[in-house]
Amino acid sequence: MKLSERSVKNLKPKDKRYAVMENGLVLEVNPSGKKVFFYKFRQDGVQHKPKLGEYPSLSVADAKKLVLNKKHDIQIKGIKQPILEVTFKEFVEGEYKVWLFANNKAAGDSYKTIETHFMSLLGHLKIKSIEPRIIEAWKSKRLNSGTSPATVSRNLTELRSIFSRIEDWFKLPSIMPSVKNPRITVEKEKLYLSDDEMQKLRAMCDKYVYLHHFGAREDIPTNWGIQSITKIPIILPYIIHVAVNTGMRKGEILQLRLSDIDHASESITVRGSTEKTGRSRDIPISNKLQALLAEWATLHYGDGYDLDSDDLVFPIGDIKTGWNTLRKRAGLGRVEFKTLRHHFASTLVLNNTPLSTVMQLMGHTNLKTTQRYLSVRTEDKIEAVNLL
């Protein structure tokens, strides 16, 4: 029987004591109505059933956590391995760090996550002393502080990787404290911007370009909604125009080179080495986008820049901070940068561009991936009907 708050609460006493069980957690219901939790397990051929507590003083969720902790303790005690006597910090800073940086392209980010979230929490503990309740408490604290469930899940994945290395290298059974990922509520992904949102975004980009070129920071008009142009590099509005008008991924844009822009054929070549699927593709560009790219190149590299140069068009490390600041000031809410790519595809579909063409321009390898944008056409029709 699956034990939950509702099922346990609804259990009625009978003439004789009876029990229900789920994965070692036993609940005994006495004729008096008293309900008591036990943990039933067998070790070295002997059956044990220690008392955990009475319901409802001990909730079902807390009883299950106690069982997980006891299972972990029993399993760990049965393993005689020197590695379990090593502290978390010693293992991570030693063998694990060497392996991580030799085998993981994102080693720097992974190690930073471990240092930030787990070293102060677990560093002083021996591997055998790391219990589920410690990780559960950390998880609850992170979630209560406003950290998204997806971020907490990614953090736990980094922690599981450490225990997986120990299990694999030392031929051990599972020793990772049993902690479930938090439930993630998946919101419907935004596939396009409304006309109003797009107008706000373009207007804000134009304002920043104007201010960088001509305006004095102390003379920003109050009705522009801009307190400062800091945190918004001049490069960002141009990157946004490229994303909206080509559907290129952020990584593809940041790896774009001057020689990838063919002004004669009015197109951009996305190199296979920077493309997610490893395939090159050509994307036609408008006269307006050509002019904006030429404007940016002249601004950054000066007059007479080399069109055939392999220099990056947009030499910048990351745009996350700038994008979040700009979209907030434009009043866009929680719009991700990748929404600009979706907007490009959605616009093509709404203009009755063949799906096969949209698929090629987006760099998709499967038509099913492109077909998701057909839902935008349906939503557009519904919106039109609602306006009648």
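Residue indices follow the written sequence of each chain, beginning from 1 at its first position. It should be noted that, the model being predicted, local features are given only for residues of pLDDT at least 70 and side-chain atom pairs only at 80 or more, the latter also being counted only at that level, while totals for whole chains, interfaces and linings use all residues. Think of the side-chain values as coming from all heavy atoms in the structure, minus any hydrogens and water.

(A) Representation of the pattern of salt bridges in the model. What counts as a salt bridge is simple: a side-chain nitrogen of Lys or Arg found within 4 Å of a carboxyl oxygen of Asp or Glu. The tally for this structure, following the rule as stated, stands at 17 salt bridges. For aspartate 196, the salt bridge identified is with lysine 200, shortest N-O distance 3.4 Å. Placement of the pair is aspartate 196 and lysine 200 together in helix H7 (residues 195–213), with a separation of 4 residues, close to one helical turn. For lysine 200, a relative accessible area of 35% corresponds to the partly exposed category. Salt-bridge contacts for arginine 271 lead to aspartate 310; the nearest nitrogen and oxygen are separated by 3.2 Å. Of this pair, arginine 271 sits in the loop between strand S8 (267–270) and strand S9 (281–284) while aspartate 310 sits in the loop between helix H10 (287–301) and helix H11 (320–329), and the two are 39 residues apart along the sequence. With a relative accessible area of 27%, arginine 271 lands in the partly exposed category. One network of salt bridges, in which partners are shared, links Arg17, Glu28 and Lys49. Only DSSP runs of H or I covering at least 4 residues are called helices, and only runs of E covering at least 2 are called strands; the numbering of each starts at the N terminus. To sort residues, take the accessible area from a 1.4 Å probe on protein chains only and compare it with the maximum for the residue type: under 20% means buried, over 50% means exposed, and anything in between is partly exposed.

(B) Expanded view of the layout of surface pockets. What the second largest pocket holds in volume is close to 540 Å³. Using a grid of 1 Å spacing that covers the protein atoms alone, one calls a set of points a cavity when a 1.4 Å probe fits there but cannot get out, and a pocket when the set is open and has protein on both sides within 12 Å along at least five of seven lines; lining residues are those with an atom within 4 Å of a point. As for the second largest pocket, its lining consists of 16 residues, of which Ala61, Lys64, Lys65, Leu68 and Lys180 are closest to the centre. Ranked by residue count, the leading element in the lining of the second largest pocket is helix H2 (residues 60–77), at 6 residues. Residue classes in the lining of the second largest pocket are distributed as 5 nonpolar, 2 polar and 9 charged. Grid points are joined across faces, edges and corners, and a volume is the space filled by probe spheres set on the points. Ten residues, namely Ala, Val, Leu, Ile, Met, Phe, Trp, Tyr, Cys and Pro, are considered nonpolar, four, namely Asp, Glu, Lys and Arg, are considered charged, and the remaining ones, Gly among them, are considered polar.

(C) Just the packing of helix H4 (residues 107–122) against helix H6 (residues 149–169), in detail. Put simply, H4 and H6 touch, their axes get as near as 10 Å, and they point 80° apart. When the interaxial angle is binned, H4 and H6 end up roughly perpendicular. Across from Ser110, Thr113, Ile114, His117, Phe118 and Leu122 in H4, the residues of H6 making contact are Asn155, Glu158, Leu159 and Ile162. Of the residues assigned to the contact of H4 with H6, the class counts are 5 nonpolar, 4 polar and 1 charged. Axis lines are fitted to C-alpha atoms, over the contacting stretch for helices. Their N-to-C directions set the angle, which ranges from 0 to 180 degrees. When an angle is under 35 degrees it counts as roughly parallel; over 145 it counts as roughly antiparallel; between 65 and 115 it counts as roughly perpendicular; any other value is oblique. Two residues form a contact once any of their heavy atoms are found within 4.5 Å.

(D) The sheet that holds strand S1 (residues 18–22), seen in detail. For two strands to be treated as a pair, DSSP must find no fewer than two bridges joining them. Strand order in the open sheet formed by 4 strands is S1-S2-S3-S6, and the pairing between neighbours is antiparallel. Both edges of this open sheet fall to S1 and strand S6 (51–55), since each of them pairs with a single strand only. Put simply, the sheet's adjacent strands are angled 25° from each other on average, direction ignored. Two elements, strand S3 (residues 35–39) and S6, share 4 bridges in a ladder whose sense is antiparallel. Bridge pairing in S6 links lysine 35 to tyrosine 55.

(E) Here's a closer look at H6. In this analysis, the expected span of each helix is defined as 1.5 Å times one less than the number of residues it contains. For H6, spanning 21 residues, the distance from its first C-alpha to its last is 30 Å, which sits close to the expected 30 Å at 1.5 Å a residue. Along H6, the positions that sit buried rather than exposed are Val152, Ser153, Asn155, Leu156, Glu158, Leu159, Ile162, Phe163, Arg165, Ile166 and Glu167. As for H6, its buried residues are in contact with helix H3 (88–103), H4 and helix H5 (132–144).

(F) Quick look at the pairing of S3. Within S3, 5 of the 5 residues are buried, which leaves the element mostly enclosed by the surrounding structure. Along S3, one buried face is formed by Lys35, Phe37 and Tyr39 and the opposite face, lined by Val36 and Phe38, is buried too. The pairing of strand S2 (residues 25–29) with S3 spans 5 bridges and is antiparallel. Directly across from leucine 25, in S3, lies its bridge partner tyrosine 39. In this antiparallel pair of consecutive strands, S2 and S3, the connection spans 5 residues, and glycine 33 shows a positive phi of 100°.

(G) Focus on the packing of aromatic side chains. Pairing of aromatic rings covers Phe, Tyr and Trp, the last through its six-membered ring, and needs centres within 6.5 Å; plane angles under 30 degrees mean stacked, over 60 mean edge-to-face, and all others mean tilted. Counting across every chain of the model gives 10 aromatic pairs. Ring geometry for phenylalanine 37 versus tyrosine 55: centroids 6.3 Å apart, planes at 85°, classification edge-to-face. With phenylalanine 37 in strand S3 and tyrosine 55 in strand S6, this pair connects stretches of sequence that are 18 residues apart. Of the residues examined, tyrosine 55 reaches a relative accessible area of 15% and is grouped as buried.

(H) Quick peek at the environment of proline 50. Within the secondary structure layout, proline 50 lies in the loop between strand S5 (46–48) and S6. On the basis of relative accessible area, proline 50 is assigned to the partly exposed category, the value being 31%. Sequence separation of proline 50 and tyrosine 39 is 11 residues, and the distance between their C-alpha atoms is 5.7 Å. Those residues in contact with proline 50, other than ones at most four positions away along the chain, are Phe38, Tyr39 and Phe41.

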